[in-house]
Amino acid sequence: MSEHPSRLVLVINCGSSSIKFALVDEQRSGFVLHGLADRLGSDEASLRWQQGDGTTSRQERPLGAADHRQAMEALLPMVREHAGDRLTAVGHRVVHGGEHFTAACQIDDAARQAIEQASALAPLHNPANLMGIDAATALFPQLPHIAVFDTAFHQSMPAHAYRYAIPEALYAEQRVRRYGFHGTSHRYVTGEAARMTGLSPTDSGWLSAHLGNGCSTCAVQDGVSRDTSMGFTPLEGLVMGTRSGDVDPNLHGFLGRTLGWSLEKIDAVLNRESGLLGLSGLSNDMRELEQAREQGHDGATLAIEVFCYRLAKSLASMCCALTRLDGVIFTGGIGENSPLIRARTIAHLGLLGLALDEEANQRCVRGVAGAIERTAKPHGAHLTVPHNVHILIVPTDEERQIALESLACLDAESQADIHADIHADKQTDRGF
Ligand code: ADP
């Protein structure tokens, strides 16, 4: 056993009217404490929280008309009580790091400014993330604050994956390129997948499907992202809860000319009224759609079919980014809980030699991780795969990943400081 007590990280995920928080112990799964302050800025702000050990039920307290800073102040004594002197850092989820951030980084004035500059690329998210950073740094000035970016993991994509075939000046001057999101989740689940199968994270190839309200696929080779389905914004790629995913770019012109829709209206329709909601005419919630499909609802049936086909198509195309395929991973609320969606998706991928064990597929729900592939080669598969390709259910844990990356960032910086000191000492010895 280590003689040092394990370190705790307070992880903050700040939205425009909410703060999600979790106190993570580097050596224990689950959370010491976690909760949500929401409806901030209205008259009905409230704080809900729960201890991770299950000794207390969920608790709630009204916060009046609290803003982010006041909500953070309400959290503070609770965090102090549970963390004592083991609180080592505050890890902040930041959506967009642009091309500036390729890894987590400690927040200083320059980093804050760079996050602010990336707000042009994520105008709904980065300003909210900054509100959280400002409130938390004011309240915990003695602690290091680390930013962990949704985009940073994908900065390893090669240019042939991240560039759009549009005039070069739009990239050079406006930074229009594919960035990708959900990086924290793809990184976490591919690392876990390697652990579960006894493979080395730095010598294995994975296709990951994060399926929540937002959805994306990612090709991870030897621990680095080589391609992902989201692009310049999180609208590109798969069918999502309310987002359309890929459409013909000429659709904007058509809707403007024929219906007189403004760009704002088109943005709103594609982001908030499309996807599963738009296709089904019923709901953006997969659970509800599965129930409606059972009862013969045509829109729900179609939405599920389009969702699964597009997902399978994306996974198949992501194979181009890999040098070997060890497994396909499902995660996120839908990926972790829906045997139907997994089965309908894998049914389109028989040509890759993929097939499900239906019993295992049914078993892996509500946080149960596991392998669900059928090991015998399916009848009629045309392509042979060099070895058994796993299909894995891996519950994501973005908070833990943010905490671990925050600590890794601190450890790397202290190592760098030690090296700098040694170097300085050597130079002094030499009389420089
Ligand atoms: P977010 O992206 O907001 O974190 P989640 O990862 O929680 O979202 O995923 C939400 C989605 O997961 C919703 O579409 C929800 O219906 C779906 N989901 C949750 N449980 C189930 C289930 N048992 N069967 C099918 N879909 C489910």
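Residues numbered from 1 in each chain as written. Predicted model: local features only at pLDDT ≥ 70, side-chain atom pairs only at ≥ 80, totals over all residues. Heavy atoms only, no water.

Some points on the sheet that holds strand β3 (residues 33-38)
Either a parallel or an antiparallel arrangement is found when strands of a sheet pair, and the pairing is made through backbone hydrogen bonds. Across the sheet, 8 strands lie side by side as β5-β4-β3-β2-β1-β6-β8-β7; this open sheet has mixed pairing. Of all the strands in the sheet, just β5 (59-64) and β7 (105-106) have a single pairing partner and so form its edges. Of the strand pairs in this sheet, β3 and strand β4 (residues 45-51) are connected by 6 bridges, and their pairing is antiparallel. If you follow His34 over to β4, its bridge partner there is Gln50. (Pairing = 2+ DSSP bridges. Helix = DSSP H or I, 4+ residues; strand = E, 2+ residues; numbered from the N terminus.)

A look at the nonpolar core
As a rule of thumb, nonpolar side chains are buried together in soluble globular proteins. Judged by nonpolar contacts, the single largest core of 40 residues is most densely connected at Leu207, Leu211, Met286, Phe307, Leu311 and Phe330. Where this core is concerned, the elements lending two or more residues are β9 (205-211), β10 (215-221), α10 (286-294), α11 (298-318), β12 (327-331), α13 (339-347) and β14 (390-393). Considering every element that reaches this core, the biggest residue donor is α11, with 9 residues. Leaving out residues up to four positions away in the same chain, Phe307 has contacts with Leu211, Cys215, Val239, Leu276, Met286, Ile334 and Ile341. Within the second largest apolar cluster, 30 residues are counted, among which are Ile12, Cys14, Val79 and Val90. (Core = buried A, V, L, I, M, F, W, Y, C linked by side-chain atoms within 4.5 Å. Buried < 20%, exposed > 50% of the residue type's maximum accessible area, 1.4 Å probe, protein only. Contact = heavy atoms within 4.5 Å.)

Digging into the packing of aromatic side chains
Centre-to-centre distance and the angle between the planes together describe a pair of aromatic rings. Under the defined criterion, the tally for this structure stands at 3 aromatic pairs. When the ring of Tyr179 is compared with that of Phe232, the centres are 6.3 Å apart and the planes differ by 40°; the resulting orientation is tilted. Linking Tyr179 in the loop between α5 (168-174) and α6 (183-197) with Phe232 in the loop between β11 (224-228) and α7 (251-259), this pair joins segments that are 53 residues apart in sequence. Judged by its relative accessible area of 27%, Phe232 falls in the partly exposed class. It is Arg175 that lies over the ring of Tyr171; its NZ or CZ is 4.6 Å from the centre. Positioned over the ring face of Tyr179 is Arg177, at 4.9 Å from the centre of the ring. (Phe/Tyr/Trp six-rings, centres within 6.5 Å; stacked < 30°, edge-to-face > 60°. Lys NZ or Arg CZ within 6 Å of the ring centre and 35° of its normal.)

Some thoughts on the pattern of salt bridges
A full pass over the atoms with the stated rule returns 23 salt bridges. The partner of Arg39 in a salt bridge is Asp38, with the nearest N and O atoms 3.9 Å apart. A salt bridge links Asp326 to Arg324, with the shortest nitrogen-to-oxygen separation between them at 2.8 Å. You can call Asp326 buried: its relative accessible area is 2%. (Salt bridge = Lys/Arg side-chain N within 4 Å of Asp/Glu carboxyl O.)

As for the site of the ligand
In the vicinity of the ligand, 13 residues are found, and the nearest of them are Asn213, Asp285, Met286, Arg287 and Gly333. At 2.7 Å from an oxygen atom of the ligand is found a side-chain nitrogen or oxygen belonging to Asp285. Within the backbone of Arg287, an N or O atom sits 3.1 Å from an oxygen atom of the ligand. Contact with the protein chains removes 68% of the 580 Å² of surface that the ligand exposes when unbound. For the shell around the ligand, the elements supplying multiple residues, two or more each, are α10 and α12 (332-337). Considering each element in turn, the shell around the ligand owes the most residues, 4 residues, to α12. The class makeup of the residues in the shell around the ligand is 2 nonpolar, 8 polar and 3 charged. (Near = heavy atom within 4 Å. Polar contact = N/O pair within 3.5 Å; in protein donor to acceptor, adjacent residues only side chain to side chain. Areas by Shrake-Rupley, 256 points an atom, 1.4 Å probe, with all protein chains shown as cover. Nonpolar A, V, L, I, M, F, W, Y, C, P; charged D, E, K, R; others polar.)

A word on unusual backbone geometry
You will see that Arg39, though not glycine, has its phi angle at about 55°, which is positive. Within the secondary structure, Arg39 is located in the loop between β3 and β4. Residues other than glycine seldom take positive phi values, yet Arg175 does so here, at roughly 60°. Within the element layout of this structure, Arg175 appears in the loop between α5 and α6.

Regarding the pairing of β11
Pairing geometry for β10 and β11, over 4 bridges, is antiparallel. Along β11, the bridge assignment pairs Cys218 with Thr228. Linking β10 back to β11 in an antiparallel pair, the connection comprises 2 residues, with Asp222 at a positive phi of about 55°.

With respect to the environment of Ser229
Tracing the backbone shows Ser229 in the loop between β11 and α7. With 50 residues separating them in the primary sequence, Ser229 and Tyr179 have C-alpha atoms 9.5 Å apart. Sequence-distant contacts of Ser229, defined by excluding residues within four places in its chain, comprise Arg178, Cys215, Ser216, Thr217, Glu236, Gly237, Leu238, Ser314 and Met318. Polar contacts involving the side chain of Ser229 include one to the main-chain amide nitrogen of Thr217, which spans 2.9 Å.

Focus on the environment of Met240
Relative to the elements of secondary structure, Met240 occurs in the loop between β11 and α7. The exposure class of Met240 is buried, given its relative accessible area of 0%. Distance in space between the C-alpha atoms of Met240 and Ser216 is 8.6 Å, their sequence separation being 24 residues. Not counting the four nearest positions on each side in its chain, Met240 is found in contact with Asn213, Gly214, Cys215, Met230, Pro234, Leu235, Gly275 and Leu276.

Re the side chain of Arg342
Looking at the element boundaries, Arg342 is found in helix α13. The side chain of Arg342 sits in the buried core without any salt bridge; Glu358 is the nearest counter-charge, 7.4 Å away. Within polar-contact distance, the side chain of Arg342 engages the backbone oxygen of Asn361 at 2.6 Å. Those residues within four positions of Arg342 in sequence are excluded, and the remaining contacts are Phe330, Gly335, Glu336, Asn337, Leu356, Asn361, Cys364, Val365, Ile372 and Ile393. (Lys, Arg positive; Asp, Glu negative; His and termini not counted.)

Comments concerning the packing of helix α1 (residues 68-83) against helix α3 (residues 126-139)
Two elements in contact, α1 and α3, have axes separated by 9 Å at closest approach and are oriented at 50°. When the axis of α1 is compared with that of α3, the two are oblique. Between α1 and α3 lies a crossing of right-handed hand. Residues His68, Arg69, Met72, Glu73, Leu76 and Arg80 of α1 pack against Met131, Gly132, Ala135, Ala136, Ala138 and Leu139 of α3. (Axes fitted to C-alpha atoms, helices over the stretch in contact; angles between N-to-C directions. Parallel < 35°, antiparallel > 145°, perpendicular 65-115°, else oblique. Left-handed = near helix turned anticlockwise from the far one by under 90°.)

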